Amino acid sequence: MPKEIHGIIPAVITPFDDRDRIDEQAFRTLINFLIDDKVHGIFPAGSQGEFFALTLEEKKRLIQIAVEEAHGRVFVMAHAGAVTTRESVELSQFAERAGADCLSVITPYFINPNQTELFEHYRAICQSVSIPILAYNNPDRTGGVRLSAPTIAKLAHEVSNFKGIKESSGDISFVTEVLKQTPPDFKFIMGRDSLILGALMYGAVGAIAATANVAAKLAVGIYESFQVGDYEKALQYQRRLTPIRAAFSLGSFPAAMKEALNLMGLPAGRCRLPIQPLREEERAQLKKILQEAGLLA
């Protein structure tokens, strides 16, 4: 049976060693750290995983390791986005063969395709595999490229394995706009960590949360509390998580997340150049935020 797509899904960082190679053992360690904190799925080779700095073969290797290390304990939503349809198809087909449970595919970036071109892009990717595919809107990182609600609805009604969307724009009203036009089984996944609770209230089924790399228990707490109707507790968890999300503004993306993991004693390493580590004053601010959130002594 296919695994249900729901809950908190960390956008797992990609650790690099001192020679700028993927640190495979560190990646396995991080995956187990997250699973131990009760996440529902994992999202390798996404934005927080620096997919933009990875070769195609490196992306494939991360997906393969994620499937191996998860070993069926949680679902693996592999990221298969690329500028071209051809590369997305190749990565999607590899992920399916490797055993990924579902895929998320960011809109093309640098170029600016129209809605007809985006429809055909996603239809071709969906038709190349049989596992569920979720689109991924992140207009802040793709030059404003974004699937519209009507295009999402057309894909959902006409393409059998187009099953959802990760939305990172921060427009929470977009949840209801999409869900009222799509089938009942369509999955809306929030991609803005500060809006997890709000999105759940509007009908989302979960969140792909970058902050879950360091604060999985807080993110999972939002989701699990919401599921049992304890909205006050869910709100408390959301309020504790939001400052960590705000700390992303320290340094250049995604340096703050890796620095946070390093401060916690986890093997994150540094980002690939040209992204530099945080400056000392930024590191001190981040440390204070993590201490206030109860993540550091």
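Here we summarise the structure given alongside this text. Keep in mind that this is a model prediction, so the values were computed, not measured.

### Remarks on the pairing of strand S3 (residues 75-79)
Thinking step 1. Counting buried positions along S3 gives five out of five residues, so the element sits mostly inside the fold.
Thinking step 2. Every second residue of S3 is oriented toward a common face, with Phe-75, Met-77 and His-79 on one face and Val-76 and Ala-78 on the other, all of them buried.
Thinking step 3. The pairing of strand S2 (residues 41-42) with S3 spans two bridges and is classified as parallel. Its bridge partner being in S3, Ile-42 is matched across the sheet by Val-76.
Thinking step 4. Tracing the backbone out of S2, into helix H2 (residues 56-70) and back to the parallel element S3 gives a crossover that is right-handed.
Thinking step 5. Of the strand pairs in this sheet, S3 and strand S4 (residues 102-106) are connected by three bridges, and their pairing is parallel. Across the sheet, the residue bridging to His-79 is Ser-104, located in S4.
Thinking step 6. Traced from S3 through helix H3 (residues 85-98) to S4, the parallel crossover comes out right-handed.

### Remarks on the packing of aromatic side chains
Thinking step 1. Under the counting rule described, the total for this entry stands at seven aromatic pairs.
Thinking step 2. Consider the rings of Phe-51 and Phe-52, whose centres lie 5.9 Å apart with planes at 70°: the pair is edge-to-face.
Thinking step 3. A residue is classified by how much of its surface remains accessible, and Phe-51, at 5% relative accessible area, is buried.
Thinking step 4. Pairing Phe-226 with Tyr-231 gives two aromatic rings, centres 5.4 Å apart and planes at 50°, and the pair type is tilted.

### Describing the nonpolar core
Thinking step 1. Within the largest apolar cluster, 95 residues are counted, with the highest numbers of intra-cluster contacts made by Ile-42 and Phe-162.
Thinking step 2. Looking at this core element by element, the count peaks at ten residues for helix H8 (residues 212-227).
Thinking step 3. Setting aside its immediate chain neighbours within four residues, Phe-162 contacts Tyr-122, Cys-126, Ile-133, Ala-135, Ile-152, Leu-155, Ala-156 and Phe-186.
Thinking step 4. Residues Phe-51, Cys-102, Leu-134 and Ile-189 belong to the second largest nonpolar core, which totals 13 residues.

### A short note on the sheet that holds strand S6 (residues 162-167)
Two strands in a sheet stick together by hydrogen bonds in their backbones, pointing the same way (parallel) or opposite ways (antiparallel).
Thinking step 1. Taken together, eight strands build an open sheet; the order of strands is S1-S8-S7-S6-S5-S4-S3-S2 and the sheet is parallel. Both outer strands of the open sheet, strand S1 (7-10) and S2, are each paired with one neighbouring strand and no more.
Thinking step 2. Strand contacts of H8: S1 and strand S8 (206-209), with the helix running at about 170° to S1, the strand carrying the most contacts.

The rules behind each value
Residues numbered from 1 in each chain as written. Predicted model: local features only at pLDDT ≥ 70, side-chain atom pairs only at ≥ 80, totals over all residues. Heavy atoms only, no water. Buried < 20%, exposed > 50% of the residue type's maximum accessible area, 1.4 Å probe, protein only. Helix = DSSP H or I, 4+ residues; strand = E, 2+ residues; numbered from the N terminus. Pairing = 2+ DSSP bridges. Right-handed = clockwise from strand over helix to strand, strands pointing away. Phe/Tyr/Trp six-rings, centres within 6.5 Å; stacked < 30°, edge-to-face > 60°. Core = buried A, V, L, I, M, F, W, Y, C linked by side-chain atoms within 4.5 Å. Contact = heavy atoms within 4.5 Å. Axes fitted to C-alpha atoms, helices over the stretch in contact; angles between N-to-C directions.

So far we have only geometry, and geometry alone does not tell us how the molecule works.
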